[in-house]
Amino acid sequence: MFRFLFDRDTWQEVFDSFNKNKLRSVLTMVGVWWGILLLIGLLGSARGLENAFNRLFGDFATNSVFVMGSSTGKPFKGFQEGRRVQLTLTDIEKVEANVEGIEFVVPRNMNQGLVVRNFLSGTFNVMGDYPVLDKVQKKKLVHGRFINQSDIDDHKKVAVISESIYKQLFEKDENPIGQYIQINNINYMVVGMYDQGNVNFGPSEDIHIPFTTFQQVYNQGEKIGFLMITGKPEYDIQQIENDAILMLKTLNHVHPEDKRAFRSFNMGKEFAKVTGFLTGMQFLTWFVGLATLVAGVFAIGNILLITVKERTKEIGVRRALGATPFEIKRQIVVEAVFLTLVAGVIGIITGGWILIALDYFFGQGDEAAIVNASVSISVVFVALVILVILGTLIGLIPAFKATSVKPIEALREE
Amino acid sequence: MLKIHQLHKSYPIGDSSLHVLKGIDLNIEEGEMVAIMGSSGSGKSTLLNIIGMLDEADSGEYILDGLPIKDLTEKKAAVYRNKFLGFIFQSFNLINYKNALENVALPLYYQGMNRKERQEKAMFHLEKVGLANWAEHLPKELSGGQKQRVAIARALAANPKLLLADEPTGALDTKTSHEIMEFIQQLNDEGKTILMVTHEEDIANMCKRIVRLRDGVIMEDKKINQVRAGQYV
């Protein structure tokens, strides 16, 4: 059945008829080429954008939520409205123990401090953190280490600073590790320095010191500033947020309907918005690409229809010489598939070049808007299969047209 | 070889129909060379087309070499045409983007013969029509007479039982016509059965038998003394 595909004569016929209508065939193929080019180019760019977003979000656990206490909006259990809600370490333990699907609950404190080193100084945000923060919000350490358990246990006066602080307080090329900085007149040894990355939600976090040290120095006791919750991957972060806040309301004697007592920021939700946008864009890309492709394939069908009309007499002669209608149809379908495939493959290759160019111009460095713009082999494969199917279907129209004319009438045609 | 009995054919024209063949009876033996003559509209081309299985009769019998030709599917007709018949057209009908050799090999291609064998055979027939040196030439590089000879080689390629020629000299000047006729006579001398449609008296006289049609019926059917084309060349 498919032996004819390996027959030199089949291809000879295809090339002959291509050569006979060179310009027209090329113009026709432009349609399909353009469709594939769009498909590959757009899909690749969409992927590149997605990669860029992922890189931006990559340092954050995307299924996480920040919660901080605020003032109540409703009177409850004898308390008046407007009461300040203060989260405590006990809240944390309860939430961690009782809310389903939680991976980490990270208590954090924050304060502003005047930071001095030698003759340089500045006001920065100082965070009191546990080592587990590194799991929730990955720190890209350039030098040294993050806070560890022994820092916590011994209330060590150590600090992990961001690169921007380093730039403000240290000389160029100076190694910050082991150096001392003064925060609110207390000396801390710098044990690590990290790269802040591109995305920051909420206030900038400049200096991290052990949570226990923060408690002691700022006389916090059990009080905490805010907390971060991350959910296990298989759980819905929105549900976790609702459960945790309801739990906190109960613990803090807040009216269950009070919407103002806790402020929260759901990373998962924000992330879902972006990924939703990306999914939408991918869908649009497929839609536009495939629609263009279909239009291109129709153009090929159209041209073949004209070609067949012009070759009516030739087809008549061939049939007089003994070509069966099937052989005529097969030849035309092979031509259609061949044209679509060649145009498609050229489109895939040039689409690849476009992605290479995109990568070259927009994909370099850390801040790149498009990261690793590419399409997977399976997409290319699917595109090729679609081309073959469409080419076959569209080739059938001129094929049937060609054999619908009786040979006698075909021969009479001038 | 060929038996036709009470063949009728009409074409619809608008609401009415045109009765083109009104009961044709014709027998052709092997080795004959028959000219069908008649003015235009006499039905001679229709008869040739029916014999060539390019058209179908409305009623009547057509038996080719013992094989009844009736209710053929397009595919069957194609196979029979390829196996039994060789066509020579007035306007040659060579495929203009294929060279002489490929044109001659075309019927063999549709027989499913492999390329090498096909080309050898096609070359043999090209040699026979004296155009071996022109094998690689495209039709547009050939003269009218040469084109017709390529077409004859093509008609012969599949070794058909019957050669059908529709005004084979209609597009050629007298001298070339005679050359072509001389060649066709040679083929007939070798035993090929030939049926041609012509309206030229001198060409018809080069056949061995003339069948005259008028208004869809055979007016006259006589054997003649063949005029050899060679004497003019």
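To start, this report covers the structure provided alongside it. (Residues numbered from 1 in each chain as written. Chains lettered and ligands numbered in written order. Predicted model: local features only at pLDDT ≥ 70, side-chain atom pairs only at ≥ 80, totals over all residues.)

1. Comments concerning the overall build of chain A
Each helix and strand in chain A was counted, giving 13 helices and twelve strands. In terms of overall size, chain A is more extended than a compact globule, its C-alpha atoms giving a radius of gyration of 34 Å where 414 residues would be expected to give roughly 22 Å. Split into buried and exposed, the 414 residues of chain A put 38% on the buried side. The contacts in chain A between residues at least 6 apart in sequence include a share of 81% that link residues at least 24 apart. (Helix = DSSP H or I, 4+ residues; strand = E, 2+ residues; numbered from the N terminus. Rg over C-alpha atoms; globule rule 2.2 N^0.38 Å. Buried ≥ 20, exposed ≤ 12 C-beta atoms within 10 Å, placed from the backbone. Contact = placed C-beta atoms within 7 Å.)

2. What to know about the overall build of chain B
Within chain B, the regular secondary structure consists of seven helices and ten strands. Projecting the C-alpha coordinates of chain B onto the three principal axes gives extents of approximately 50 × 40 × 35 Å. Put simply, 67% of the contacts in chain B that link residues at least 6 apart link residues at least 24 apart.

3. Notes on the packing of helix 1 (residues 8–20) of chain A against helix 11 (residues 325–362) of chain A
All names here are of chain A. Packing of helix 1 against helix 11 leaves a shortest axis separation of 10 Å and a crossing angle of 65 degrees. Between helix 1 and helix 11, the angle falls in the class roughly perpendicular. Considering only the axes of helix 1 and helix 11, their crossing is right-handed. Of the residues in helix 11, those touching helix 1 at Thr10, Glu13, Val14 and Ser17 are Gln331, Val334, Glu335 and Phe338. (Axes fitted to C-alpha atoms, helices over the stretch in contact; angles between N-to-C directions. Parallel < 35°, antiparallel > 145°, perpendicular 65-115°, else oblique. Left-handed = near helix turned anticlockwise from the far one by under 90°.)

4. Quick word on the interface of chain B and chain A
Chain B puts 20 residues into the contact, and the matching count from chain A is 18 residues. Counting residues per element, the ones that place at least two in the side of chain B that touches chain A are helix 2 (74–84) and helix 3 (100–111) of chain B. Sorting elements by how many residues they give to the side of chain B that touches chain A places helix 2 of chain B first, with six residues. Taken together, the residues of the side of chain B that touches chain A break down into ten nonpolar, four polar and six charged. (Nonpolar A, V, L, I, M, F, W, Y, C, P; charged D, E, K, R; others polar.)

5. Considering the environment of Met1 of chain B
Residues and elements named next belong to chain B. Its location among the elements puts Met1 in the segment before strand 1 (2–13). Distance from Met1 to Asp189, taken between C-alpha atoms, is 17 Å for residues 188 residues apart in sequence. Those residues in contact with Met1, other than ones at most four positions away along the chain, are Ile28, Glu29, Glu30, Asp65 and Thr193.

6. Quick word on the packing of helix 11 of chain A against helix 12 (residues 377–404) of chain A
It is the contact of helix 11 of chain A with helix 12 of chain A, at a shortest axis distance of 7 Å, that shows an interaxial angle of 145 degrees. Our pair here, helix 11 of chain A against helix 12 of chain A, has a crossing hand that is right-handed.

7. Side note on helix 8 (residues 237–251) of chain A
Residue and element names in this part refer to chain A. In a regular helix each residue adds 1.5 Å, so 15 residues correspond to 21 Å; helix 8 covers 21 Å between its end C-alpha atoms and thus fits that length. Within the sequence span of helix 8, burial applies to Ile237, Ile240, Glu241, Ala244, Ile245 and Leu248. Along helix 8, the residues classed as buried sweep out an arc of 125 degrees about the axis, all on the same side. Of the surrounding secondary structure, the elements contacted by the buried residues of helix 8 are strand 1 (64–69), helix 3 (89–98), strand 3 (102–117), strand 11 (226–231), strand 12 (262–266) and helix 9 (267–310). Remark: His253 follows helix 8 within two positions and exhibits a positive phi of approximately 55 degrees. (Expected span 1.5 Å × (residues − 1). Arc of directions from axis to C-beta.)

8. Considerations on helix 1 (residues 44–51) of chain B
Counted residue by residue, helix 1 of chain B has eight buried out of eight residues, so it is predominantly covered. By the burial criterion, the buried members of helix 1 of chain B are Lys44, Ser45, Thr46, Leu47, Leu48, Asn49, Ile50 and Ile51 of chain B.

9. Comments concerning the sheet that holds strand 1 of chain B
All names here are of chain B. Here we have four strands laid out as an open sheet, ordered 2-1-4-5, and antiparallel in their pairing. In this open sheet, the two edge strands, each paired with only one partner strand, are strand 2 (16–28) and strand 5 (67–68). Contacting strand 1, strand 2 and strand 4 (59–64), helix 1 crosses the sheet at an angle of about 65 degrees to strand 2. (Pairing = 2+ DSSP bridges.)

10. Here we look at the sheet that holds strand 7 (residues 162–166) of chain B
Residue and element names in this part refer to chain B. Sheet architecture is open: six strands sit in the order 6-7-8-3-9-10, paired in mixed fashion. Looking at which strands have only one partner, the edges of the open sheet turn out to be strand 6 (85–88) and strand 10 (217–223). This sheet shows a mean twist of 15 degrees between the axes of neighbouring strands, independent of strand direction. In this sheet, strand 9 (residues 209–214) lies alongside strand 3 (residues 33–37) in parallel orientation, the contact comprising four bridges. Each bridged residue has a counterpart across the sheet, and for Val34 the counterpart in strand 9 is Arg209.

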